Number of protein chains: 2
Amino acid sequence: MGNMTIKDIAKKCGVGVSTVSRAMNNHPDINPETKEKILQTIAESNYVPNNSARNLKRTDAKAIAVLVKGIGNTFFNDLVSGLERECQRMNYSCILQHVEEQEDELDIALHITKEKKPRGLVFLGGSFSHPREKMEQLEIPYVLSTIRAADMEEKYAAVSVDDFKESYKMTEYLINLGHERIAILTAPKEDKSIGKLRLLGYRKALQDYGIPYSEELVSYMNAEEDRYSFRSGYKLTKQLLQDTEFTALYATSDTMAIGACRALKEAGISVPAQCSVAGFDGMDTGEFYIPSITTIRQPVEKIAKATADLLFDMIKGKEKPHQLVFEGELLKRESTVPPVKRKF
Amino acid sequence: MGNMTIKDIAKKCGVGVSTVSRAMNNHPDINPETKEKILQTIAESNYVPNNSARNLKRTDAKAIAVLVKGIGNTFFNDLVSGLERECQRMNYSCILQHVEEQEDELDIALHITKEKKPRGLVFLGGSFSHPREKMEQLEIPYVLSTIRAADMEEKYAAVSVDDFKESYKMTEYLINLGHERIAILTAPKEDKSIGKLRLLGYRKALQDYGIPYSEELVSYMNAEEDRYSFRSGYKLTKQLLQDTEFTALYATSDTMAIGACRALKEAGISVPAQCSVAGFDGMDTGEFYIPSITTIRQPVEKIAKATADLLFDMIKGKEKPHQLVFEGELLKRESTVPPVKRKF
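Residues numbered from 1 in each chain as written. Chains lettered and ligands numbered in written order. Predicted model: local features only at pLDDT ≥ 70, side-chain atom pairs only at ≥ 80, totals over all residues. Heavy atoms only, no water.

An unreviewed UniProt entry lists chain A under the name LacI family transcriptional regulator, with Blautia argi given as the organism.

J.: Just checking my understanding: could you explain the pairing of strand β5 (residues 158-161) of chain A for this structure?
T.: The side chains of a regular strand alternate between both faces of the sheet. Residue and element names in this part refer to chain A. The side-chain alternation of β5 yields two buried faces, one formed by A158 and S160 and the other by V159 and V161. Note: strand β4 (residues 142-145) against β5, two bridges, orientation parallel. Directly across from S145, in β5, lies its bridge partner V159. In this sheet, strand β11 (residues 323-326) lies alongside β5 in parallel orientation, the contact comprising four bridges. What sits directly across from S160, in β11, is V325. (Buried < 20%, exposed > 50% of the residue type's maximum accessible area, 1.4 Å probe, protein only. Helix = DSSP H or I, 4+ residues; strand = E, 2+ residues; numbered from the N terminus. Pairing = 2+ DSSP bridges.)

J.: Please clarify how the interface of chain A and chain B should be interpreted in this entry.
T.: Frequently, the measure chosen for interface size is the accessible area removed from exposure when the parts meet. Chain A puts 63 residues into the contact, and the matching count from chain B is 63 residues. Of the roughly 5800 Å² buried between chain A and chain B on both sides combined, carbon and sulfur atoms contribute 51%. Contact with chain B buries area across many residues of chain A, yet A:R262, A:F288 and A:I290 alone supply 12% of it, more than any other trio. The tally of links from chain A across to chain B stands at six salt bridges. Between A:R262 and B:E334 there is a salt bridge whose closest N-O contact spans 2.5 Å. (Contact = heavy atoms within 4.5 Å. Buried area = accessible area lost by both parts, 1.4 Å probe. Salt bridge = Lys/Arg side-chain N within 4 Å of Asp/Glu carboxyl O.)

J.: How should the packing of helix α1 (residues 6-13) of chain A against helix α2 (residues 17-24) of chain A be read in this particular structure?
T.: The relative placement of two packed helices comes down to the angle between their axes together with the axis-to-axis distance. Residue and element names in this part refer to chain A. Between α1 and α2, the least distance of the axes is 8 Å, while the angle of their chain directions is 100°. One element, α1, and the other, α2, form an angle in the roughly perpendicular class. Residue-level contacts link I6, K7, I9 and A10 of α1 to V17, V20, S21 and M24 of α2. Of the residues in the contact of α1 with α2, the class split is six nonpolar, one polar and one charged. (Axes fitted to C-alpha atoms, helices over the stretch in contact; angles between N-to-C directions. Parallel < 35°, antiparallel > 145°, perpendicular 65-115°, else oblique. Nonpolar A, V, L, I, M, F, W, Y, C, P; charged D, E, K, R; others polar.)

J.: Is there a simple way to think about the relation of the copies chain A and chain B in this case?
T.: Note: a rotation about an axis with an accompanying shift along it relates these two copies of the chain. Rotating chain A by 180° about the axis while translating it 0.0 Å along that axis superimposes it on chain B, leaving an RMSD of 0.1 Å. As the rotation angle and translation indicate, the two copies are arranged about a two-fold axis. When C-alpha positions in chain A are compared against the rotation axis, the closest is assigned to A:I95, at 2.2 Å. Comparing interface residues between copies, 100% of those in chain A also sit at the interface in chain B, which points to an isologous, same-surface contact. (Least-squares fit on C-alpha atoms with pLDDT ≥ 70 in both.)

J.: Even after reading the chapter, I still don't get the sheet that holds strand β6 (residues 182-186) of chain B, so can you show me in this structure?
T.: Paired through backbone hydrogen bonds, the strands of a sheet run either parallel or antiparallel to each other. Residue and element names in this part refer to chain B. Overall, parallel pairing links the four strands, which are arranged β7-β6-β8-β9 in an open sheet. With one partner strand each, in any of the chains shown, β7 (218-220) and β9 (276-278) form the two edges of the open sheet. Strand-to-strand twist in this sheet, taken as the mean axis angle between neighbours without regard to direction, amounts to 15°. Bridge count between β6 and β7: three bridges; the pairing is parallel. Across the sheet, T186 pairs through a bridge with Y220, a residue of β7.

This is the structure:
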């Protein structure tokens with residue numbers, strides 16, 4: 001039999017995990033007999049405490065830094081949590097650093113590398129279209145997580161879904177429901193990263209199904225504002241509604257989809273009866289939202305783990321930078337239905 | 001005239017901030033004439049680049065660690081962002097560390113202090129009812145942020161709203177709308193922190209208005225599950241609906257309020273027409289939700305800044321631990337209306 005876990009101890013003693021924890025931590029709020037029984041059981045078992053605190057035994061302070069661009073995109077929170085968990089497991093500190101929309105993430109990265117001496121970096125968000133010479137100044141391993149440049153060079157390490165393909169999948173799903181006037185909320189025009197890829201996937205699906213691409217259905221984010229946020233989705237949809245008609249709206253993040261629903265409601269348009277709304281990311285918020293939001297679920301846990309694994313392997317010299325692609329999942333929910341012929 | 005900022009440069013050149021950034025960072029994607037004009041303007045001005053990267057000049061690696069307990073509570077994300085921003089400003093690294101519900105945050109803190117040598121700690125979440133002797137082992141400055149123990153000792157540093165008072169305020173508001181059967185989603189029974197204070201505020205308001213307190217209207221979270229989360233609100237409300245009747249539901253976080261709305265919808269109960277729902281925290285999600293969620297807004301930015309300021313002042317020896325209380329704001333939104341006399 002392998003090592004016992006804290007859950008095994010709890011089970012054996014017929015108590016909850018938190019009670020075992022209280023016993024081990026000499027917490028006053030526990031029945032003395034229960035405590036004795038637990039400590040006895042632990043002593044007799046081959047239980048090795050392995051919670052994160054006890055794992056922290058090591059001699060030097062190793063850290064990685066996680067640079068997050070786009071603070072309004074709550075999708076990154078799940079990724080950061082996952083990354084931090086992997087860091088704990090590997091006994092690394094996880095230094096969190098936000099990058100403002102108008103800041104250059106590579107500049108920040110170069111300075112952090114110099115000043116804080118992390119062993120590696122993870123980039124979340126941002127367009128990441130930097131000149132190659134400047135990238136080469138970054139001399140420690142780094143992984144782009146859920147970032148993928150349209151023209152990305154092979155030698156960058158990146159972990160993400162195939163944004164082009166997933167976006168195609170969503171657009172195709174809306175087309176198959178019968179929608180032809182499908183508006184899209186997308187990244188700023190100059191974007192060359194996932195925003196561009198998602199827009200290209202949308203265009204290709206329209207093309208393959210013989211639906212003309214119409215620029216008036218495309219609402220580009222403002223480059224200097226917080227991008228994939230509730231507010232951004234709300235504002236872009238307000239603008240769209242002034243300019244054009246559509247039966248479906250594809251927001252390229254769940255946060256923006258929820259902002260969009262709010263703008264539609266304020267315009268007296270009910271979702272999904274009068275307008276379908278789809279998102280991207282697969283966040284909890286969208287699952288509990290009413291109507292629940294149809295979306296592409298990015299496998300956040302897998303992406304976080306693969307990002308960390310790749311980075312740590314690169315730090316150890318066991319891996320060269322390469323690119324990993326995960327499959328997204330189309331979650332068909334309440335916010336999308338076939339269109340009703342109507343006018344706004 | 002003081003130093004010019006990047007915005008002043010942008011304005012003077014008639015371009016956006018990102019264009020100035022591109023010029024300064026030798027980005028290829030810029031018109032050469034525009035670039036020259038910008039660089040010329042910068043050269044002639046007294047502009048001192050002061051974005052965060054350039055601020056990072058310093059000689060030793062200083063860090064604070066932020067321990068987050070309760071990963072499902074997206075409210076903490078805003079606080080962490082605020083804290084990280086303050087760290088940047090002070091040239092400190094911000095080490096992020098999550099604590100599982102069943103882990104003891106003080107154990108984790110003691111280990112981190114030893115292993116990662118931060119200059120200070122911030123605790124977010126958790127009940128924080130540790131024996132005094134154990135607290136005293138923590139020899140570096142620390143601040144409890146949005147944590148407040150029911151029996152907190154004066155010597156702990158803490159920054160929060162007055163959870164008792166704010167919760168009283170919300171309950172009073174619901175009572176004044178005409179509700180008497182007000183269910184509450186609250187922390188586990190053994191909680192001695194903000195959860196308990198919010199429950200006490202609820203009880204006191206009922207008492208002051210002569211409404212009997214009914215234990216069947218109180219739904220306690222499971223101590224070992226993720227607490228202030230969408231899912232937790234959803235599950236607790238499902239349970240409540242099996243057991244009792246009510247015309248208003250007060251969830252003690254916005255995340256739980258949204259989960260509750262979902263459970264109510266699945267039971268065929270419309271919000272707010274058939275049941276009012278109120279939250280706590282004042283997050284963006286609740287603002288964009290349909291119906292928008294009535295809540296107590298915690299001043300996140302102020303709390304984050306005050307937490308960081310107090311911690312840094314304690315690190316510098318300029319301040320002793322003390323407690324700061326901020327005022328919450330009752331935001332009356334769409335999710336709460338007077339009750340209709342009805343039966344579930």
